[in-house]
Amino acid sequence: MSMHLIAGIFFVIACWMAGPLQAADSANSSFIVLNYHDILEEEERVPPFDRMAVNKDHLNDHFAWLKNNGYRVISIQDLLDSMQGKKPLPNKAVLLTFDDGYQSFYSRAMPLLKKYKYPATLAVVGSWLEQHSHAGTNKPLMTPAQIREVAASGLVEIASHSFNAHHGIVANPQGNEQSTITTRLYSSEYEEYEKDEDYRKRVFQELEKSSEQLLQTLGQRPRVMVWPYGEYNAIALEAAKSAGMPLTMGLNDGANTLADAAVMKRMIMTDDPNAERFATIVTKLRTGRELRVAHVDMDYIYDEDEAQTEKNLSAVVERIKASGANTVYLQAFSDPDGDGNADKLYFPNRHLPMRRDLFNYVSLRLRKGADVKVYAWMPMMAYKADVPLKWYVKEWRDGEPQLSRHIYTRLSPFNPEARQFVGEIYEDLAKYCDFNGILFHDDGILSDYEDVSPLAMEFTSKVWGLPAEFDTIHSSSQLRLRWAQHKNELMGQFTDYLTNKVRFYRPYIKTARNFYSLPLLKPYSEEWYAQSLSSFMKHYDYVAIEAMPFMEEAENPKQWLAELVEKTNQYPGALDKMVFELQAVNWKTQQDVPMPVFTEQFLLLKKLGAKHIGYYPDNVFHDQPKLAELKKYFPVEIKD
C-alpha cells in the first residue's frame, strides 16, 4: 500500500471526526468501555473455568458499584449526539458491551439492564444466528427473535461482530491460525500468501455481508463494528465505514475521548472480578505494568535442520515463560556474522532474501506459550542489499565524501529511494506477521562526519538553511550541533514513517528505539551521534538505553548506572519511557557477566527508580542469565 492511500484513509476518518472534535472542546469528552461475554450462575462456575465468563451476582455488583460511585452509563446514541455537538457526555461516562450473543445475555444480563435502566451494546456473529449453540464451546446462543426483542426494548444496540470472521485462518507455513480480519491466508497447497487485492476484497465482503444480514434480521443496519479478538487494521476500518459502521471497538485498555470513536478501547472483564477488583479495574484503567524485557536473537533459534529449530524454540519459550519476562525484543532479521547489518530477513518481503519464514511463527509461540508481548527488532537503515551505492551513507574522509567505514552499512535517510526501500520492508513485516511492537535497532546513528552524500548536503542547505560545504559546517561548533539536531529529528521522522507503514496493518503496536548512553550522560555528544533523549521521547513509546557499563568501560559500574538513572530522571516523564537494558555478556572479554554482578545491577536500577528493565542477549544454550537466579528477581510485582 502506498503512503498516499494510508494518508487518504486517515484523512477520511479525520474529516468524519472533525465536527465532534470541535464540539468536544467545551464539553467533557472522556468515557470508558467495559466488555463482557458469557454471564453464569454461581453453580455453573466449575472447572475448567472460562476466564471471560462473569458470575451474574458479580455483574449485579458491578452495576451497583457504577451507580453508587457516580458513573453514568451511556448509549451509542448518546455518544453520537455528543460527537455531533448536540449534548456533552456526562462525567464518568461508561459504555457497556456484551460480545457473541450468548443466551445468558437474554436470560441474565438483560434483566439487570432493565433493573438499572442501563443501555448496552450487544455484538452478534451473523453466521451463529441460526445455531442453537456455539460449535466450539457448546454454549447456547440467542435466537434471532430474542435479538429482535432486546433491540426493541430501547436499551440494546445491536452491533456486528462480523458475519463469519470470529475464528482463525492459516497464517504461516507452520499451520498456525490467526485473526481472520487481519491475517493473510497462507495456502500450503500453493505455498503462498493471499494477494493484496484478494485480501482486501475478502474483508470488504465480510463486513458488507454482516451489515446486510443484520438489516434483514432487524430492519436496520448496524452502526457499530466490534472487531473479533479486538484486531483490525486500516483496510478493515475502511470496510466498516463502507458498510455503514463508522464506530468500531477493539480490546485495548484505557479511557477514550470522542476522537477515539473510530476505534474505541474496551476493558475486557476476565477472571470474574468481584466488586472490589472491578473498582480497581475501572479506577486505575489498567494503564500497563512495568516492562521486563528479554532480548532474543532469532539467529540463536534458527537451525538448518527444522527439527532442531523446533527444539531450540521450545527451549526458548519455556525459558522465557519461567524467567518472569513480560516482553521480548525478537530479532526479525538475520545477522550471522554479528556486524549488526541485516543480511536476510525472517519473513516474506520484496527486497531481501528470506532465511526462513519464521518470525510470525516464533512470535506467536512466545506470545501464547510464554504470555509475553513481542516487539519486532528491526534495523532502521543497516541493510546489506543489492542497491546503488549512492543510496548509502557517506562520510567525509580525505577531503571528499566516501562510503562510510562504520560497522553499520546504512542506507541514507536522505535518499527517497532508500527510504521507500526500507518502508516496503516494514510494510511487508506488518502484512505477514502479528506482533505487539517495533524495536528500532541501534544503527540509527549519523556521526559528525555523516551523511555528506550529494543528496544529504543539498537537503542540509535547501531545507535546513545550513552551509552546503562540509568544511564550513565542521569549522563551527554551533553549526555542527545544529546539523546534528536536524539529523536527529530527520531520523525520528523517518522512524515515524516506518511506524505508519506498520500501523496501517497493525494499528495498536508500540514503538521503542535503542539509545546510546553517551548522549544522555554527556548531552553535547549529540553532535557525534545525532541522538538525544528529548527527541526520542517525542517519537517513541519507549526508549531502550544501553545500560551497559562494561561495554562503556566504566571504572565504577554502579556509579555509572546511578548516573544513568539520575540523568534520565532530569527529563519529566522519562522514567516512564526508559527501558534500561543490561548486558548479559561482557563483549570486551567475551565472558558471561557473573550472576551476582548482573543481579546487583538489576536491583540497583530498581532501587534507584527504574521502572522498565531488560537485558541482552538471552542465551538458552549457555543458560545466561542463569534462569534459577533470574526468575527470583526479574518478575514484576503485581500491584493493584
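The structure displayed is predicted, hence computed values, not measured ones. (Residues numbered from 1 in each chain as written. Predicted model: local features only at pLDDT ≥ 70, side-chain atom pairs only at ≥ 80, totals over all residues. Heavy atoms only, no water.)

Caption draft 1: Local environment of the overall build of the protein. Along the protein, the regular secondary structure elements total 21 helices and 28 strands. In terms of overall dimensions, the protein has a C-alpha envelope of 80 × 55 × 55 Å along the principal axes. Residues counted as buried form 57% of the 640 residues belonging to the protein. Restricting to contacts in the protein with at least 6 residues of sequence separation, those with at least 24 account for 70%. Element-wise, carbon and sulfur atoms account for 50% of the exposed surface of the protein, whose accessible area totals about 26700 Å². For the protein, the separation between the mean place of its 71 positive charges and that of its 86 negative charges on side chains is 5 Å. (Helix = DSSP H or I, 4+ residues; strand = E, 2+ residues; numbered from the N terminus. Buried < 20%, exposed > 50% of the residue type's maximum accessible area, 1.4 Å probe, protein only. Contact = heavy atoms within 4.5 Å. Areas by Shrake-Rupley, 256 points an atom, 1.4 Å probe, with all protein chains shown as cover. Lys, Arg positive; Asp, Glu negative; His and termini not counted. Charge placed at Lys NZ, Arg CZ, Asp CG, Glu CD.)

Caption draft 2: Expanded view of the sheet that holds strand β24 (residues 542–546). Strand order around the closed barrel formed by eight strands is β15-β16-β19-β22-β23-β24-β25-β28, with parallel pairing between neighbours. If you compare each strand with its neighbour and ignore which way they point, the axes differ by 25 degrees on average. Inspection of the sheet shows strand β19 (residues 373–378) paired to strand β22 (residues 437–440) by four bridges, in the parallel sense. Across the sheet, M378 pairs through a bridge with F440, a residue of β22. Lying over the sheet, helix α19 (residues 557–569) contacts β24 and β25 (578–583), oriented at roughly 170 degrees with respect to β25. Contacts from helix α20 (residues 595–608) reach β15 (292–296), β25 and β28 (612–616) within the one sheet, and its direction differs from that of β25 by about 165 degrees. (Pairing = 2+ DSSP bridges. Axes fitted to C-alpha atoms, helices over the stretch in contact; angles between N-to-C directions.)

Caption draft 3: Seen up close, the pattern of salt bridges. Tallied over the full model, the rule gives 41 salt bridges. A network of salt bridges, in which partner residues are shared, links R350, E424, E427, D428 and K501. (Salt bridge = Lys/Arg side-chain N within 4 Å of Asp/Glu carboxyl O.)

Caption draft 4: Up close: the confidence of the model for the protein. Summing up the model confidence of the protein, the mean pLDDT is 93 and the portion of residues at 70 or higher is 94%. Contacts for the low-pLDDT stretch residues 1–27, under 50 throughout, to residues beyond four places or in other chains number 39 contacts. (pLDDT = per-residue confidence, 0-100.)

Caption draft 5: Inspection of the side chain of D448 at higher detail. The residue D448 is located in the loop between β22 and α13 (454–462) in this model. At 5.3 Å, R480 is the nearest oppositely charged side chain to D448, a buried residue that forms no salt bridge. When residues no more than four places from it in sequence are discounted, the contact partners of D448 are F470, H474, W483, K487, E527 and W528.

Caption draft 6: Fine view of the nonpolar core. Of all hydrophobic cores here, the largest spans 135 residues; its most connected members are I320, F359, L366, Y383 and F580. With ten residues, helix α15 (residues 477–505) is the single largest residue contributor to this core. The residues touching F359, leaving out its near neighbours within four places in the chain, are M298, L330, Q331, A332, Y346, V374, A376, L429, C433 and F435. Counting 39 residues, the second largest nonpolar core, distinct from the first, contains L34, V73, L155 and L214. (Core = buried A, V, L, I, M, F, W, Y, C linked by side-chain atoms within 4.5 Å.)

Caption draft 7: Region of the structure containing unusual backbone geometry. Here the bond from E450 into D451 is cis, since omega is -15 degrees, no more than 30 degrees from zero. Relative to the assigned elements, D451 resides in the loop between β22 and α13. The step from Y616 to P617 runs through a cis peptide bond, and the omega angle for that step is -10 degrees. Among the secondary structure elements, P617 is positioned in the loop between β28 and α21 (627–633). Of note in this structure, Y229 is not a glycine but carries a positive phi near 60 degrees. Secondary-structure assignment places Y229 in the loop between β12 (224–226) and α7 (234–242).

Caption draft 8: Representation of the packing of aromatic side chains in the model. By the definition in use, this model includes 35 aromatic pairs. With centroids separated by 6.0 Å and ring planes inclined at 75 degrees, the aromatic side chains of F359 and F435 adopt a geometry described as edge-to-face. You can see F359 sitting in helix α11 (residues 359–369) and its partner F435 sitting in the loop between α12 (416–432) and β22, a full 76 residues away along the chain. Through successive ring pairs, a cluster of aromatic residues spans Y426, F440, F515, F536 and Y540. (Phe/Tyr/Trp six-rings, centres within 6.5 Å; stacked < 30°, edge-to-face > 60°.)

Caption draft 9: Highlighting the environment of S535. On the secondary structure map, S535 appears in helix α18 (residues 533–539). The spatial distance from the C-alpha of S535 to the C-alpha of N488 is 7.4 Å, given a sequence separation of 47 residues. Those residues in contact with S535, other than ones at most four positions away along the chain, are N488 and E489.

Caption draft 10: Structural context of helix α2 (residues 56–68). Spanning 13 residues, α2 covers 18 Å between terminal C-alpha atoms, matching the ideal 18 Å at 1.5 Å per step. The set of residues buried in α2 consists of L59, N60, H62, F63, A64, W65 and L66. A positive phi of about 80 degrees marks G70, the residue just after α2. (Expected span 1.5 Å × (residues − 1).)

Caption draft 11: Main features of the layout of surface pockets. One number sums up the size of the second largest pocket: a volume of about 800 Å³. Along the walls of the second largest pocket sit 35 residues, with G338, W377, Y408, W587 and Y616 positioned nearest its centre. Of the residues assigned to the lining of the second largest pocket, the class counts are 16 nonpolar, eleven polar and eight charged. (1 Å grid on protein atoms, 1.4 Å probe; cavity = no way out; pocket = protein on both sides within 12 Å on 5 of 7 lines; lining within 4 Å. Points joined across faces, edges and corners; volume = space filled by probe spheres on them. Nonpolar A, V, L, I, M, F, W, Y, C, P; charged D, E, K, R; others polar.)

Caption draft 12: The arrangement of the pairing of strand β7 (residues 156–160) in detail. Counting buried positions along β7 yields five of five residues, so the element is predominantly enclosed. Here β7 shows no split at all, with V156, I158 and S160 on one side and E157 and A159 on the other all buried. Summarising the sheet, strand β6 (residues 120–124) and β7 pair through five bridges and their orientation is parallel. Residue pairing in the sheet places V124 in a bridge with S160 of β7. Assessed by its sense of winding, the connection that carries the chain from β6 through helix α5 (residues 144–152) to β7 is right-handed. (Right-handed = clockwise from strand over helix to strand, strands pointing away.)

Caption draft 13: Geometry of the packing of α2 against helix α8 (residues 275–284). Running from N to C, α2 and α8 point in directions that differ by 55 degrees, and their axes come no closer than 9 Å. When the interaxial angle is binned, α2 and α8 end up oblique. By crossing handedness, the relation of α2 to α8 is classed as right-handed. Between α2, through D61, H62, W65 and L66, and α8, the contact on the second element is made entirely by A275, F278, A279, V282 and T283. A per-class count over the contact of α2 with α8 returns six nonpolar, two polar and one charged. (Parallel < 35°, antiparallel > 145°, perpendicular 65-115°, else oblique. Left-handed = near helix turned anticlockwise from the far one by under 90°.)

Caption draft 14: Representation of the environment of A239. Summarising the element assignment, A239 is placed in helix α7. Distance in space between the C-alpha atoms of A239 and H134 is 26 Å, their sequence separation being 105 residues. Those residues in contact with A239, other than ones at most four positions away along the chain, are V203, F204 and L207.

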